[in-house]
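Listed here are the chains, written in short residue letters.
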Amino acid sequence: MIDRFCEYLENNRGFAKNTIDNYARTLIKFDAYLHKHSKSIDCVDHITLRDINGFIQVQRLYKSARTCNNYLSAIRVFLYYGMMLGLEVINPKLLLNQRAEIKKIESLTEEETRILLEYFKNAPCWESREEELMKTRNYLIVYMLVYTGVRVTELINIKIDDINDELIIKWKGWKYRPIKLFKDDLDLIKLYLFMRRKYKSEYLFISLSHNSMGEKISRNWVENIVRDGWIKAWIKNKIFPHKLRHTFATSLLRRNANLYHIKELLWHSSISTTQTYLSVVNSELANTQKLLPRF
C-alpha cells in the first residue's frame, strides 16, 4: 500500500521526490512499529489514534519535536489517502503536532560572506580549460546560493531553459516561482554557459568528475564544494549550503527589508517561518548594545 500511496503522491498530487521518499521512510518505520502490536499499515482502517500516539512517543525519546512533526505530516497525508479510497480511517485532524523547540538559525556574517565569495572568485587553478570551467561553476553555485536564497535541491534542478531575465524555480513538484536576475547575475551565467558550451546537458550545473562528466551535478557535490571553500577560505564557523539560504534572509533583514517581501522571496508558506530569522538580527542588536560603556 505504501508503494501505491507514493505513486499517488507523484502522479496525482505532484509532490517532490524528496518529500515522497521521506514519507515512504516514515511509513515503513511506522509499519515496523505496528507489526510489534500485531497490526499492519496495509490495514489503515484498523489503525487507531492510540497506535499513532504510541509511535510518536517512542520516536520522541530520541528524535526532535520537529522530526516527529514531520512523521505526523506523513501519517496525516496517508490517512487522507485512506479516506480517498473510501476506507473508514480516523480523522487526520485529530493528530496534534508536538511542541517544537525554537530552532536556532545559523548564518554568515557579512565579512564571512565576503571572504567566501572572494575565495571562490579568486580560487587558484592551473589555467587548464577544465579547471577554469570548474572554478567558474563553483563560484556561480555559491554566488546563486548567497544572492537568490534557493535551496540546494532547487539549484541542482535548474535547467538552462529556466533562465531568462528571471530564473524560474520549480518548487515542490508543481509550483513555480520567479526570481529576478540582474545584470551581474546574467553576465556570470552567460560566461559559465560559454565556457561549458561543449556539454549539451539541459541542466545548468553539471558534474566535471571523470565518472559523471556532463551529467547533472548532485546534491553531495554541491555540499562538497561549499565545505571545501569553507575550509580553504579559513572561515572559523562551519558552512553548509542551507546556511547560505539563511544568510540571504538575514542579510536582507539587516538592511531593513520588509519581512513579507522576504517571505515571498524564500517562498515560505507561513510568515512565522520567516520570523525565525529575526532571532539572528535581534541577537546582533543585543551585542551592539553591549558596546555602550557603563559608568
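As a convention, each chain's residues are numbered from 1 in the sequence order in which they are written. Given that the model is predicted, a residue must reach a pLDDT of at least 70 before its local features are reported, and side-chain atom pairs must reach 80 or more before they are shown or counted; all residues, however, enter totals for whole chains, interfaces and linings. Working from all heavy atoms in the structure, the side-chain values ignore hydrogens and water.

**Quick look at helix H10 (residues 241–254)**
- Strands are runs of DSSP state E lasting at least two residues, helices are runs of H or I lasting at least four, and both sets are numbered from the N terminus onward. How far a helix is expected to stretch is found by multiplying one less than its residue total by 1.5 Å. The end-to-end C-alpha distance of H10, which contains 14 residues, comes to 20 Å, matching closely the 20 Å that a straight helix rising 1.5 Å per residue would cover.
- Looking one or two residues past H10, asparagine 256 carries a phi angle of roughly 60 degrees, positive in sign.

**Re unusual backbone geometry**
- In this structure, tryptophan 234 is a non-glycine residue whose phi angle is positive, near 60 degrees.
- Non-glycine residue asparagine 256 carries a positive phi angle of around 60 degrees.
- Structurally, asparagine 256 can be placed in the loop between H10 and helix H11 (259–266).
- Classification of residues uses two cut-offs on accessible area relative to the type maximum, computed with a 1.4 Å probe and protein chains only: under 20% is buried, over 50% is exposed, and between them is partly exposed. Given the relative accessible area of 73%, asparagine 256 is considered exposed.

**A few points about the environment of tyrosine 277**
- Turning to its location among the elements, tyrosine 277 is positioned in the loop between helix H12 (271–275) and helix H13 (278–289).
- Taking relative accessible area as the criterion, tyrosine 277 reaches 4% and is therefore assigned buried.
- In this structure, the C-alpha to C-alpha distance between tyrosine 277 and glycine 86, residues 191 residues apart in sequence, is 43 Å.
- Should any heavy atoms of two residues lie within 4.5 Å, those residues are considered in contact. In contact with tyrosine 277, other than residues within four places in its own chain, are Ile105, His246, Ala249, Thr250, Leu253, Leu266 and His268.

**Let's talk about the environment of serine 279**
- By the element assignment, serine 279 lies in helix H13.
- Judged by relative accessible area, which is 37%, serine 279 ranks as partly exposed.
- Measuring from C-alpha to C-alpha, the distance between serine 279 and lysine 63 comes to 24 Å, with 216 residues separating the pair along the chain.

**Considering the pattern of salt bridges**
- Salt bridge criterion: a side-chain nitrogen from Lys or Arg within 4 Å of a carboxyl oxygen from Asp or Glu. Applying the stated criterion across every chain, the model contains 14 salt bridges.
- Of the charged contacts, one joins aspartate 21 and lysine 17 as a salt bridge, the two residues approaching to 2.9 Å between their closest N and O atoms. Placement of both aspartate 21 and lysine 17 in helix H2 (residues 17–35) is noted, with a separation of four residues, approximately one turn of the helix.
- Residue lysine 17 is classed as exposed on the basis of its relative accessible area of 61%.
- Put simply, lysine 39 and aspartate 51 hold a salt bridge, and the shortest N to O gap is 2.6 Å.

**Observations concerning helix H8 (residues 183–195)**
- With 13 residues, H8 ought to run about 18 Å at 1.5 Å a step, and its terminal C-alpha atoms sit 18 Å apart, in line with that.
- Looking at H8, one finds that the buried residues are Asp185, Leu186, Leu188, Ile189 and Tyr192. Axial view of H8: buried residues confined to an arc of 160 degrees, hence all on one face. Exposed and facing more than 90 degrees away from the buried side of H8 are Lys183, Asp184, Lys190 and Phe194. This arc corresponds to the set of directions leading from the helix axis out to the C-beta atoms.

**Details of the packing of helix H6 (residues 129–148) against H10**
- At a minimum axis separation of 6 Å, H6 and H10 run at an interaxial angle of 40 degrees. Comparing the axis directions of H6 and H10 gives the class oblique. Contact with H6, carried on its side by Val142, Leu145, Val146, Tyr147 and Thr148, involves Pro241, Leu244, Arg245 and Phe248 of H10 and no other residues of that element.
- Nonpolar residues are Ala, Val, Leu, Ile, Met, Phe, Trp, Tyr, Cys and Pro. Charged residues are Asp, Glu, Lys and Arg, and all others, Gly as well, are polar. Its residues assigned to classes, the contact of H6 with H10 comprises seven nonpolar, one polar and one charged. Lines fitted to the C-alpha atoms define the axes, with helices restricted to the stretch that makes contact. Angles between their N-to-C directions range from 0 to 180 degrees. Roughly parallel means an angle under 35 degrees; roughly antiparallel, over 145; roughly perpendicular, 65 to 115; everything else is oblique.

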